[in-house]
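Reading the structure
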Amino acid sequence: MWLTIATPPIRSLDKLDQVMGAAVPDGLRARYACQDGDEFRVIAVWESKDHADRFFREVLGPVLARVLGPEPAGAPAMTGMEVLREFSPAVAG
């Protein structure tokens, strides 16, 4: 499993929704949009690093170019890391 934390060059939640869209990328397990001051963070959990790399290369790059222009101000900063242990508490029904 692979986790990514990205800081996209986006300043509004509406624009973030426009970029991320409603489609579920192959290998995506969960995605969280957060805001820290005036910066957004997108945290995603992937089946593998390959799934994340493919999404960033084949999907996100072209979408960012279409929505924000071919050279958006401030390329997205992204950190990726392998998940060593996962804990999901049981949800009481």
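This one's a predicted model, so the numbers in the text were calculated from it and none came from an experiment.

1. Regarding the pattern of salt bridges
If charged atoms from side chains of opposite charge come close, those side chains can pair. This structure, assessed with the given rule, holds seven salt bridges. Between Arg 29 and Glu 86 there is a salt bridge, with its nearest N and O atoms 3.4 Å apart. In this pair, Arg 29 sits in strand S2 (residues 28-36) while Glu 86 sits in the segment after strand S4 (77-82), placing the two residues 57 residues apart along the sequence. For Glu 86, a relative accessible area of 45% puts it in the partly exposed group. Linking Asp 53 and Lys 49 is a salt bridge whose minimum nitrogen-to-oxygen distance equals 2.7 Å. Taken together, the positions of Asp 53 and Lys 49, both in helix H2 (residues 49-68) and four residues apart, correspond to about one turn of that helix.

2. Some words on the packing of helix H1 (residues 13-20) against H2
Put simply, H1 and H2 touch, their axes get as near as 9 Å, and they point 130° apart. One way to sum up the angle between H1 and H2 is to call them oblique. Relative to H2, the crossing made by H1 is right-handed. Every residue of H2 that contacts H1 at Lys 15, Gln 18, Val 19 and Met 20 is listed here: Phe 55, Leu 60, Val 63, Leu 64, Val 67 and Leu 68. Residue composition of the contact of H1 with H2, by class: eight nonpolar, one polar and one charged.

3. Some points on the sheet that holds S2
Spatially, four strands are ordered S2-S3-S1-S4 in an open sheet, and the strand pairing comes out antiparallel. With partners counted over all chains shown, the strands left at the sheet margins are S2 and S4, one partner each. Across the sheet, the axes of successive neighbouring strands diverge by a mean angle of 15°, strand direction being ignored. Across six bridges, strand S1 (residues 2-7) lies against S4 in antiparallel orientation. Residue pairing in the sheet places Thr 7 in a bridge with Ala 77 of S4. Contacts between H1 and the sheet are confined to S2 and strand S3 (39-46), with S3 contributing the most and set at about 30° to the helix. Across the sheet, H2 lies against S1, S3 and S4, angled at about 30° from S1, the strand it touches most.

What counts as what
- Residues numbered from 1 in each chain as written.
- Predicted model: local features only at pLDDT ≥ 70, side-chain atom pairs only at ≥ 80, totals over all residues.
- Heavy atoms only, no water.
- Salt bridge = Lys/Arg side-chain N within 4 Å of Asp/Glu carboxyl O.
- Helix = DSSP H or I, 4+ residues; strand = E, 2+ residues; numbered from the N terminus.
- Buried < 20%, exposed > 50% of the residue type's maximum accessible area, 1.4 Å probe, protein only.
- Axes fitted to C-alpha atoms, helices over the stretch in contact; angles between N-to-C directions.
- Parallel < 35°, antiparallel > 145°, perpendicular 65-115°, else oblique.
- Left-handed = near helix turned anticlockwise from the far one by under 90°.
- Contact = heavy atoms within 4.5 Å.
- Nonpolar A, V, L, I, M, F, W, Y, C, P; charged D, E, K, R; others polar.
- Pairing = 2+ DSSP bridges.

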